[in-house]
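Geometric and topological summary
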Amino acid sequence: MRFHNLVTALSVASTAVAAPLAKDERAVFAAAADAAAWDAAYTKANASLAKLSSADKINIVTGVGWNKGPCVGNTPAISSIGYPQLCLQDGPLGVRYSKGANAFTPGIQAASTWDRTLIRERGTFMGQETKGSGIHVLLGPVAGPLGKNAAGGRNWEGFGADPYLQGIAMAETITGMQGAGIQATAKHFILNEQELNRETMSSSVDDRTMHELYLWPFADAVHANVASVMCSYNKINGTWACENDGIMNKLLKTELGFKGYVMTDWNAQHSTQQAANTGLDMTMPGSDYNGGTVLWGSKLSQAVSAGQVPQARVDDMVRRILASWYLIGQDAGGYPSINLNANVRGTHNTNIRSIARDGIVLLKNDGNVLPLKKPAKLGLVGSAAVIGQHGQNSCQDQGCDSGALGMGWGSGTANYPYFVAPADAIKTRAQSDGTQVLTSTTDSTSVSAVNGADVAIVFITSDSGEGYITVEGVAGDRNNLDPWHNGNALVQAVAAINKNVVVVVHSVGPVILETILAQPNVKAILWAGLPSQENGNALVDVLYGATTPSGKLPYTIAKAAGDYGTSVSSGNDAFAEGLYIDYRHFDKAGITPRYEFGFGLSYTNFTYSALSVSGAPKSGAATGTIVPGGRADLWDTVATATVTVTNSGSATGAEVAQLYVGYPSSANTPPKQLRGFAKTAQLAAGAGASLSFPLLRRDLSVWDTTKQNWVVPAGDFTLYVGSSSRDVRQTGKITVS
C-alpha cells in the first residue's frame, strides 16, 4: 500500500512451548465446522443481499475515496441491513497510526522463532487490539513478497524465504486474528517481489513455480478461512494482478476455493469492467490519491446498466464481502466504535518481548564469550545502541535508520508506544552487576572510549522498506547487502583494540558478514533481527543467559551477494530461477553459504535420535472435492515422522527440529525442501522430548502442469531431520508405491 503525506488523523511470557498443532488436526476436525460456518455466513449474506438497492451494492464494493474517512480504507454504512461503516486499516504488525496500540514484531522476527504458539498468540493479540480500536479489517498478514530477492524492500513484513514456513505462519496468524473477531487480509497477491517499478513491471512465472512456491502460502491462508485477499500492484504475465482472471478467478477462487473477497492494494485498480469481470470484489481506497479518478462507484453502475458487467457479478462481490463480515461474527451487537486513540495495549508486550527474544539467532560464539558473566567493564559501540529518530516515531512511517532499529519502513509499520534501546536495558542490568559501561554511541571509527573493556558490543544495522520513501539513498529495495553506516569499518576499529568483540545485527534481511568474520577478535555474533519496541529487553535476556537462544534463520546468509542467483530486476522479471530460490538454489548449485537457512546456535547442545516413520502414502493425483485451500485430500496426513531430541549440554534451552524432504529423482525437485518443524519446550540438561512431524499429502506432492493437479510421485522419498537445512542429524525413507 502506498501513502504519500497522510497526516496522523487517523515482562517476559513463559518460555515453555507447547507441542505444535498438527495441520491435519485443523483439516479433519475443523473442516466440517468451517464449511458449516461459511454456509451459515452465505445464508445471512443472501438474505441481506435481497434487501439492498443497486446503490447500496455499489457502496459496499467501492471505497469512499482517499483520505475521506477515519481509516485508511472505508466504505459507507448500509442502515437497511445494519452494516457498519467498514473500517480497513494497516497493517501486518499492528494498528497503523494508533496512539494506543502496540507495535508488534515484524513477521520476519516471528518467523525466526519457528514457534507456532507465539506466532498464533501474536495474531490473537493484534486482533484484539484491532477490534478494540473499532477496526473491522486489518491489512495483514503478508505472504508476498516471498523473498526471492535478498535485497527486496518488504521481505521483512513476511515470514521468510520458504513457502512452507510462510504458510504455517500465515495460517497461525490468521487463525489468531480472526479468532479475536477481526477480518484478516492475506497480501500481496501475487509475485510482487520487489519495490522497484512495482506499479509498472510484469512478473512472468511458470505454472509449476507459481504453485510450488508463490501460491503455496496463500493456500494455507485460504485453508485458514482468511476473510480477504489483497491483489498486488504488478502485472502477472502482462496483465495487472487486480484485473487478472487467471490469478483471481482461476487460481484463488476456483482452484483454492476461496470464499472471501478480493480487494485492491491502494490505487492498484486500472479499469472498470475488466476488473469487475475478472474477480475483483472491492476497490480501495475508492479513488486515486488526488481523488479525481474513480473507477467503480457511478462508473460501475453505468457498466452494469450498459450490460458490460453482469448484475450477478456485482451481487457476487457483495455476497462475498457480507459473508466474510458474518463469518467473523461482526454483525453481533456491541462492536466497538472506530477510535484509533483507544488504549488497547493491555499486557500484549509480553508476546512482543518473547518473539523479539526467541527470534534472536546466535550465529557465532567462540570461546563461549556469551552469555556475559558480569564483566568488570563493558563497551557499547554504534548509533544503533541508543534511541534515535526511528525509536522516537520522528520519521514518516518509520522512514529512517537513526538510532536503534525495530522495523523497516512503509505502510506496514506502526508507531512505537515506547522503545527500549539496547544501551538502556544493558545499563540497567550492568548496574545490578556492578559493571562499568563505556560507550561510543556514534558510528565513528574513533572508538577509544571503549578501550579497556572486557567485552565490547558493536551494534550494526541494515534497513529497507516500501518504495514511496527513500532513506539514505535506498528507495525501498536495498542497494546492497552491506551493513549501513560503515558497519564493517566500525567493527574493524573495535576489533583492533578489543579481544572480545560481540556484534549485534539488527537487520531486515541477510547481510554479508565476511569482513566482520575476518576479524579474529570478533568472538560472537547475535542476529537480533527486527525486535520492535522491546529491542533492548529482549537482547538482554539472551546476552546474559536468562534465556538460551533458540532462533533459527528464516533465510540464507551468503558469503557474497552474487551467490543468491537472484536480484532486483530493472524491468520486467521472468523469474528465470524457477523453483531455485534461497537454500533451494544453494543446494542445487553446490554453493556453500555462510549461514544456511534454518541455522542457529545455542548455549547448550542437542542430540537427535530414534527417527521413525509411519504411513504408506500412495502415488497419484489428488481427487478430493474443493475446500478452502484446494482439494480436500491434500490436507490429509499420509505419513508421520517422529524423532527424539535430547539436551546434551549444561544449560536449559529449546531446540527447533526441522524436517526436509528429498523427492524421487523423477519429480525433478530441489534437493530438499522444508516440510515440517517442531520446537521443544525448554529442556533442562539431560532432558529429552519426542517431536512429531505429520506429513500431508500436499507435502509430498508436486504440481503436474499437464494434469493441472497435485500429484504424489512414485519412488523413494528421503527425510532429513536436523537442526538446519544442512545440519542433518537423522535420515529416513518413505517408499511410495
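Note that the structure is a prediction, hence the values are computed from the model and not measured.

1. Overview of the overall build of the protein
Within the protein, the secondary structure is distributed over 17 helices and 27 strands. The C-alpha radius of gyration computed for the protein amounts to 25 Å, which stays within 12% of the reference 27 Å derived for 737 residues, consistent with globular compactness. In terms of principal-axis extent, the alpha carbons of the protein reach across some 80 × 60 × 50 Å. When the 737 residues of the protein are sorted by exposure, 65% land in the buried category. The positive charge centre, built from 54 side chains, and the negative charge centre, built from 57, are 2 Å apart in the protein.

2. Topic: the state of the cysteines
Under the defined criterion, the tally for this structure stands at three disulfides. The disulfide that involves Cys231 links it to Cys242, with 2.1 Å between the sulfurs. Linking Cys231 and Cys242, the disulfide has an S-S dihedral of approximately 110° and is accordingly described as right-handed. Separated by 11 residues along the polypeptide, Cys231 in strand S6 (residues 228–231) and Cys242 in the loop between strand S8 (239–240) and helix H8 (245–255) bring together distant segments of the chain. There is no split in this pair, since Cys231 and Cys242 are both buried. In this model Cys395 forms its disulfide with Cys400; the gap between the sulfur atoms is 2.1 Å. In this structure, the disulfide formed by Cys395 and Cys400 twists by about 95° around the S-S bond and is classed as right-handed. Sequence-ordered numbering of the bonded cysteines in the protein yields a pairing of 1-2, 3-4, 5-6.

3. Points about the packing of aromatic side chains
According to the stated counting rule, one finds 19 aromatic pairs in the structure shown. A ring pair is formed by Trp216 and Trp710, whose centres lie 5.8 Å apart and whose planes are at 85°; its orientation type is edge-to-face. Within this pair, whereas Trp216 is found in helix H7 (residues 216–223), its partner Trp710 is found in strand S25 (residues 709–712), the two being separated by 494 residues in sequence. For the ring pair Tyr595 and Phe599, a centre distance of 5.2 Å and an interplane angle of 35° mean the geometry is tilted. The same class applies to Tyr595 and to Phe599, which are both buried.

4. Looking at the pattern of salt bridges
Pairs may arise between side chains of opposite charge once their charged atoms sit close together. Counting across every chain of the model gives 30 salt bridges. In this structure, Glu195 engages Arg198 in a salt bridge whose closest nitrogen and oxygen atoms are separated by 3.0 Å. You'll find Glu195 and Arg198 in the same group, each marked buried. Notably, a salt bridge pairs Asp281 with Lys253, separated by 2.9 Å at the nearest N-O pair. On the criterion of sequence distance, the pair formed by Asp281 in the loop between helix H9 (273–277) and helix H10 (298–305) and Lys253 in helix H8 is long-range, its members being 28 residues apart. Accessibility expressed as a relative area gives 0% for Asp281, which makes it buried.

5. What about the pairing of strand S27 (residues 728–736)?
Along any regular strand, the residues point their side chains to alternate faces of the sheet. Pairing between strand S26 (residues 715–722) and S27: eight bridges, direction antiparallel. For Gly715, the partnering residue across the bridge sits in S27 and is Val736. Joining the antiparallel neighbours S26 and S27 is a turn of five residues.

6. Section: the sheet that holds strand S16 (residues 606–614)
Across the sheet, three strands lie side by side as S16-S20-S23; this open sheet has antiparallel pairing. Strands at the two margins of the open sheet, each flanked by one partner only, are S16 and strand S23 (688–696). If you compare each strand with its neighbour and ignore which way they point, the axes differ by 20° on average. Two strands pair when backbone bridges link them, and strand S20 (residues 637–647) and S23 are joined in this way by nine bridges, in the antiparallel orientation. Opposite Val643, over in S23, you have Leu691 as the bridge partner.

7. Some thoughts on the packing of helix H2 (residues 54–61) against helix H11 (residues 311–328)
In the contact formed by H2 and H11, the axes pass within 9 Å of each other and the chain directions differ by 60°. Comparing the axis directions of H2 and H11 gives the class oblique. In the packing of H2 onto H11, the handedness of the crossing is left-handed. Across the interface between the two elements, Lys57, Ile58, Ile60 and Val61 from H2 touch Gln311, Val314, Asp315, Met317, Val318, Ile321 and Leu322 from H11. Partitioning the contact of H2 with H11 into residue classes produces eight nonpolar, one polar and two charged.

8. Thoughts on the environment of Thr445
Structurally, Thr445 can be placed in the loop between strand S12 (436–440) and strand S13 (455–462). A C-alpha to C-alpha distance of 5.7 Å links Thr445 and Ala493, two positions 48 residues apart in sequence. When residues no more than four places from it in sequence are discounted, the contact partners of Thr445 are Ala489, Leu490 and Ala493.

About the cut-offs
- Residues numbered from 1 in each chain as written.
- Predicted model: local features only at pLDDT ≥ 70, side-chain atom pairs only at ≥ 80, totals over all residues.
- Heavy atoms only, no water.
- Helix = DSSP H or I, 4+ residues; strand = E, 2+ residues; numbered from the N terminus.
- Rg over C-alpha atoms; globule rule 2.2 N^0.38 Å.
- Buried < 20%, exposed > 50% of the residue type's maximum accessible area, 1.4 Å probe, protein only.
- Lys, Arg positive; Asp, Glu negative; His and termini not counted.
- Charge placed at Lys NZ, Arg CZ, Asp CG, Glu CD.
- Disulfide = S-S within 2.5 Å.
- Phe/Tyr/Trp six-rings, centres within 6.5 Å; stacked < 30°, edge-to-face > 60°.
- Salt bridge = Lys/Arg side-chain N within 4 Å of Asp/Glu carboxyl O.
- Pairing = 2+ DSSP bridges.
- Axes fitted to C-alpha atoms, helices over the stretch in contact; angles between N-to-C directions.
- Parallel < 35°, antiparallel > 145°, perpendicular 65-115°, else oblique.
- Left-handed = near helix turned anticlockwise from the far one by under 90°.
- Contact = heavy atoms within 4.5 Å.
- Nonpolar A, V, L, I, M, F, W, Y, C, P; charged D, E, K, R; others polar.

On their own, these measurements won't tell you what the molecule is for.
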